[in-house]
Amino acid sequence: MKNLHARTLTGVAAMALLSACSEPVETANAPTESSGGSHTTQTETPGETSTETSNMNLIARAQSITPPSAARRPVTIEQLGRTRTDEYAWLRDDNWQEVMRDPSVLDPEIRAHLEAENAYYEEVMAPTSQLQETIFQEIRGRILEDDSSVPDRDGDFEYYSRFRQGGQYPIYARRPIDPETGEAGEEQILLDGDAAAEGIDYLDFGNVDHSPDHRWLAYGVDIRGSEYYEIRIRDLETGEDVATLTDESTGNFTWANDSETLFWVWRDANGRSKQVWRQGRSEAEGVMVFDEADDGFFVNVGRTEGDSYIAISTSGHTTSEVHLIDANNPASDAMLVSARETDVEYSLTETGDGFFILTNLDGAVDFQIMRAPLDAPQRENWETVVEHRPGTLITGLMGFRDWMVRVERENALPRIVIRDLSSGEEHNIAFAEEAYSLGIDAGYEFATDEMRFSYESPSTPEETYDYNMATRERVLRKRQEIPSGHNPEDYVVRRIMAPAHDGEMIPVTILYHRDTPIDGSAPLMLYGYGSYGITIPAAFRVTPLSLVDRGMVYAIAHIRGSQARGYEWYLDGKLGLKMNTFRDFVSAGEALAAEGFTSRGNIVAYGGSAGGLLVGAAINMQPDLFVGAIAAVPFVDVINTMSDPTLPLTPPEWPEWGNPIEDEEAYDTIAEYSPYDNVAAIDYPHVLATAGLTDPRVTYWEPAKWAARLRATRSDDGLTLMRTNMGAGHGGASGRFDSLRETAENWAFALMTVGLADADVESGE
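Bear in mind that the values here come from a model prediction, so they are computed numbers and not experimental data.

Here is what the cut-offs are and how they apply
Residues numbered from 1 in each chain as written. Predicted model: local features only at pLDDT ≥ 70, side-chain atom pairs only at ≥ 80, totals over all residues. Heavy atoms only, no water. Helix = DSSP H or I, 4+ residues; strand = E, 2+ residues; numbered from the N terminus. Rg over C-alpha atoms; globule rule 2.2 N^0.38 Å. Buried < 20%, exposed > 50% of the residue type's maximum accessible area, 1.4 Å probe, protein only. Contact = heavy atoms within 4.5 Å. Areas by Shrake-Rupley, 256 points an atom, 1.4 Å probe, with all protein chains shown as cover. Lys, Arg positive; Asp, Glu negative; His and termini not counted. Charge placed at Lys NZ, Arg CZ, Asp CG, Glu CD. Core = buried A, V, L, I, M, F, W, Y, C linked by side-chain atoms within 4.5 Å. Phe/Tyr/Trp six-rings, centres within 6.5 Å; stacked < 30°, edge-to-face > 60°. Lys NZ or Arg CZ within 6 Å of the ring centre and 35° of its normal. Pairing = 2+ DSSP bridges. Axes fitted to C-alpha atoms, helices over the stretch in contact; angles between N-to-C directions. Salt bridge = Lys/Arg side-chain N within 4 Å of Asp/Glu carboxyl O. Expected span 1.5 Å × (residues − 1).

### Describing the overall build of the chain
Here's step 1: Scanning the chain for helices and strands turns up 16 helices and 37 strands.
Here's step 2: Its C-alpha atoms give the chain a radius of gyration of 25 Å, near enough to 27 Å, the size a compact globule of 765 residues would have.
Here's step 3: Looking at the chain as a whole, 62% of its 765 residues qualify as buried.
Here's step 4: The long-range fraction of contacts in the chain, counting pairs at least 24 apart against all pairs at least 6 apart in sequence, stands at 61%.
Here's step 5: Accessible surface computed for the chain: about 27000 Å², of which carbon and sulfur atoms make up 44%.
Here's step 6: Charged side chains of the chain number 61 positive and 128 negative; the gap between the two group centres comes to 1 Å.

So this is what it looks like as structure tokens:
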């Protein structure tokens, strides 16, 4: 399946991303980030203000400011013979569906409370405003402002995206290729994101894809953050938009081979992907070709690698089903590949040798690869090609005419395996660092020996290679440029295995400056996610360097609920075993302290979305382990959300968390860890929660209610801050620089809690 905007990997990782809540907020901009900066250390000499004293002045000033106090209006809820009380239920606007589409209709009392929280946040953080600006400029200085992707050739053109100097949004462009010389001609801008964003506060593109005949461009656009996308058609000869097919799409679509027909996915009033529609680019109305009756399934559409079929994929976390439509005959009926079977997953990858099927069929927990004829891909024709190997997780496949490429993960490290379809011979691409990340990209060409892969590590900026699968030669096409300068030798990357409460070993990736003492004195930021099988890669990110360069250690805990150590690692961190996720995070923090990377009470916990749930649960369990906690758009009101089937994610998420409406065991498990329900009269670390008003994944009232209860209940005078982006959704601000400002604010909060904000604040930097 091919797309100019979102490159494709079929398989376990791709199926997991169908979950509407599964995007880890922390990694949203990671692929385009770059790095640099200078290392500073804090020293105390006679007559100077100590770090502790100065920081206490910042905290004391903040504690002198009166925070908002949300009204308490208790609502008693009876469920499965259990009773709970929700005193802040009123923060959920009954009109929330309309608010997602039009934020101006938000209940005035709720708006007033959110704005009061924002005003309080701004007042508390005011002394760090210059520090925020400094961090923002540091991060921006590590990003090549006029960066561009490596072009992908498709017939007579090469397609790519780029940014202009100072631009917030991508530009999609192409150049013609001379068929005789292979040289690229003059650029044609297909879609200018900066121009499209003029006069609006939010912009996000869904799919952006040209038609097979290169005449038309279809693109999805969301201007509210609600993830309802218009699908627009642009005439590439005139540069004018000639049609809008819908304003109720998920942003996911694909062209048929006739360059006239599109298949697009419809989102219902509850924010769920439910139907696939077929529509001619000049037709006012389309025809529904697939209707998903199960509210627990997400729907996706795309083209197979060789353009033989339109693939309609529907998935319910651990159960999947694929229907195929002849891409050369878009009006034909869909063909079912294999009927859904609970807890059986499969995905198809087209090669010149037929279909390869990645599946966990027959108890293949870490997945196996099977093969079927292109014209008869039904289940009864599947034959095993790569057998299941416990502990070696196959995360995805990519197909070419003569090659099949797979990505595997073993002992939390990835490798790329290439298979020659004619001989069956295989070879690997792997690297020797303690921790690193690999990615693959098929591009547009199917009958080629070249694939593209990328390599990066927490200290090494991304390198992009074209790799000849026949000759095994690699050509460096791009090395991530760091305008402000970056020396990988200035940083140390470590991988430790932290002992869990039950004897399992948790991989932890660590990044720190070589001058940072590893004697227990350094503060540390511990990031985690741990849900939906999403594995956080050991990738290069520019944003943590502003912490690391100031003497913080940055660590990622690859906890259960991810697939870092195979699919079983995921199964051991969901449903009735979900507590393993939170205990692993705590165990990782304790191990980092025990090994001298930090000390107990000197850790800032950080996570977003389901990672925000992780943060909330961890500080309830072991509050004294942490000095601060940042929960970005956190999923913290778990029992209430999972008990409301009208919300976008509730039915689709029951396979992940359990159904507390019908299942007493699921209710009790969720009630044990749900952060909102377990807030207690204890001493907590300083807490920052964030929200997006139009967020359909984690609705704004979850962090709002949690912050209100936390502030009213905690037994200490620590900070509880709440920041709501009133014009954005799950991912925060949409512009690449605006989103960095939000990161800079988070980092300023973290530095303030650990005593490293004082030097910048005092010096006026």
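### Here we look at the nonpolar core
Here's step 1: Ranked by size, the top nonpolar core spans 126 residues in total, and within it Ile510, Met525, Phe585, Leu592 and Trp706 carry the most contacts.
Here's step 2: No other element matches the 10 residues that helix α15 (residues 736-754) contributes to this core.
Here's step 3: Ignoring sequence-local partners within four residues, the contact set of Trp706 consists of Gly616, Ile619, Ala631, Pro634, Val636, Pro675, Tyr676, Val679, Val687 and Ala689.
Here's step 4: If you look at the next biggest cluster of nonpolar residues, it comprises 18 residues, including Met398, Phe400, Ala442 and Tyr467.

### Quick look at unusual backbone geometry
Here's step 1: You will see that Leu80, though not glycine, has its phi angle at about 55°, which is positive.
Here's step 2: Relative to the assigned elements, Leu80 resides in the loop between β1 (75-79) and β2 (82-86).
Here's step 3: The backbone phi angle of His214 is positive, close to 70°, even though this residue is not glycine.
Here's step 4: A relative accessible area of 13% places His214 in the buried class.

### Topic: the packing of aromatic side chains
Here's step 1: Summed over all chains, the structure comprises 24 aromatic pairs.
Here's step 2: Relative to Tyr673, the ring of Phe582 has its centre 5.0 Å away and its plane inclined at 50°; by these criteria the two rings are tilted. Separated by 91 residues along the polypeptide, Phe582 in helix α9 (residues 579-594) and Tyr673 in helix α13 (residues 664-673) bring together distant segments of the chain. One exposure class covers both Phe582 and Tyr673, and it is buried.
Here's step 3: Aromatic ring contacts, followed pair by pair, group Phe431, Tyr436, Phe453, Tyr455, Tyr465 and Tyr467 into a single cluster.
Here's step 4: A cation sits over an aromatic face here: Arg560 above Trp569, 5.4 Å from the ring centre.
Here's step 5: Lying over the aromatic face of Phe136, Arg741 brings its terminal NZ or CZ to 3.7 Å of the ring centre.

### Concerning the sheet that holds strand β34 (residues 603-608)
Here's step 1: Read from one edge of the open sheet, 8 strands run β30-β31-β33-β32-β34-β35-β36-β37, paired in mixed fashion. Each end of this open sheet is capped by a strand with a single partner; those strands are β30 (491-499) and β37 (720-725). Each neighbouring strand pair of the sheet contributes to a mean axis angle of 20°, computed without reference to strand direction.
Here's step 2: Relative to β34, strand β32 (residues 524-527) runs parallel, the two sharing 4 bridges. The residue bridging Tyr527 from the neighbouring strand is Tyr606, located in β34.

### Observations concerning the pattern of salt bridges
Here's step 1: One pass over the full model with this rule turns up 54 salt bridges.
Here's step 2: The residue Arg709 makes a salt bridge to Glu87 at a minimum N-O spacing of 2.6 Å. In this pair, Arg709 is assigned in helix α14 (residues 701-713) and Glu87 in the loop between β2 and α3 (96-101), connecting sequence segments 622 residues apart.
Here's step 3: Connected through salt bridges with shared partners, the residues Arg389, Arg406, Glu408, Glu410, Arg415, Arg419 and Glu426 form a single ionic network.

### As for the sheet that holds strand β4 (residues 157-162)
Here's step 1: Overall, antiparallel pairing links the 4 strands, which are arranged β3-β4-β5-β6 in an open sheet. Two strands close off the open sheet at either side, each with one partner strand: β3 (152-154) and β6 (188-192). Here the average twist between neighbouring strands, direction ignored, is 25°.
Here's step 2: Two strands pair when backbone bridges link them, and β3 and β4 are joined in this way by 3 bridges, in the antiparallel orientation. Considered in β4, the bridge of Asp152 is made with Tyr159.

### Structural notes on helix α10 (residues 610-621)
Here's step 1: Taking 1.5 Å as the rise per residue, α10 with 12 residues should run 16 Å; its terminal C-alpha atoms sit 17 Å apart, in good agreement.
Here's step 2: The buried count for α10 comes to 11 of 12 residues, which makes it a mostly enclosed element.
Here's step 3: Regarding α10, the residues found buried are Ala610, Gly611, Gly612, Leu613, Leu614, Val615, Gly616, Ala617, Ala618, Ile619 and Asn620.

### Description of the pairing of strand β9 (residues 229-235)
Here's step 1: Burial analysis of β9 places 5 of its 7 residues in the buried class, the great majority of the element.
Here's step 2: Strand direction decides the pairing type here: strand β8 (residues 216-222) and β9, joined by 6 bridges, are antiparallel. Directly across from Val221, in β9, lies its bridge partner Glu230.
Here's step 3: Between β8 and β9, which follow one another and run antiparallel, lie 6 residues, and Gly225 among them has a positive phi close to 85°.
Here's step 4: As judged from the 6 bridges shared by β9 and strand β10 (residues 240-255), these two strands associate in the antiparallel manner. The partner of Tyr229 across the bridge, within β10, is Ser249.
Here's step 5: The antiparallel pairing of β9 with β10 creates a hairpin that spans 4 residues between the two strands, and Gly239 there sits at a positive phi of about 80°.

### Some remarks on the environment of Glu123
Here's step 1: The residue Glu123 is located in helix α4 (residues 108-125) in this model.
Here's step 2: Exposure remark for Glu123: the relative accessible area of 42% places this residue in the partly exposed category.
Here's step 3: Considered as a pair, Glu123 and Ile65 are 58 residues apart in the sequence and their alpha carbons are 8.0 Å apart.
Here's step 4: Dropping the residues within four chain positions of it, Glu123 is found in contact with Arg61 and Ile65.

### A word on the pairing of strand β28 (residues 463-468)
Here's step 1: Burial analysis of β28 places 6 of its 6 residues in the buried class, which makes it a mostly covered element.
Here's step 2: Taking every second residue as pointing to the same face, both faces of β28 are buried, with Glu463, Tyr465 and Tyr467 on one and Thr464, Asp466 and Asn468 on the other.
Here's step 3: Inspection of the sheet shows strand β27 (residues 450-456) paired to β28 by 6 bridges, in the antiparallel sense. Bridging from a neighbouring strand, Tyr455 pairs with Glu463 of β28.
Here's step 4: Once β27 ends, the chain turns through 6 residues before running back antiparallel as β28.
Here's step 5: Note that β28 and strand β29 (residues 474-479) share 5 bridges and pair antiparallel. The partner of Thr464 across the bridge, within β29, is Lys478.
Here's step 6: Connecting β28 to the antiparallel partner β29 that follows it, the hairpin turn spans 5 residues, and Arg472 within it adopts a positive phi of roughly 65°.

### Describing α14
Here's step 1: Along its 13 residues, α14 runs 18 Å from first to last C-alpha, staying within 8% of the 18 Å computed at 1.5 Å per residue.
Here's step 2: Counting buried residues in α14 gives 11 out of 13 residues, a clear majority hidden from the surface.
Here's step 3: When α14 is considered as a whole, its buried residues turn out to be Trp701, Glu702, Pro703, Ala704, Lys705, Trp706, Ala707, Ala708, Arg709, Leu710 and Arg711.

### Description of the environment of Phe597
Here's step 1: Within the fold, Phe597 resides in the loop between α9 and β34.
Here's step 2: Sequence separation of Phe597 and Gly520 is 77 residues, and the distance between their C-alpha atoms is 5.4 Å.
Here's step 3: Every residue in contact with Phe597, bar those within four places of it in the chain, is listed here: Arg494, Ile496, Ile510, Tyr512, Ile518, Ala522, Leu524, Val553 and Leu592.

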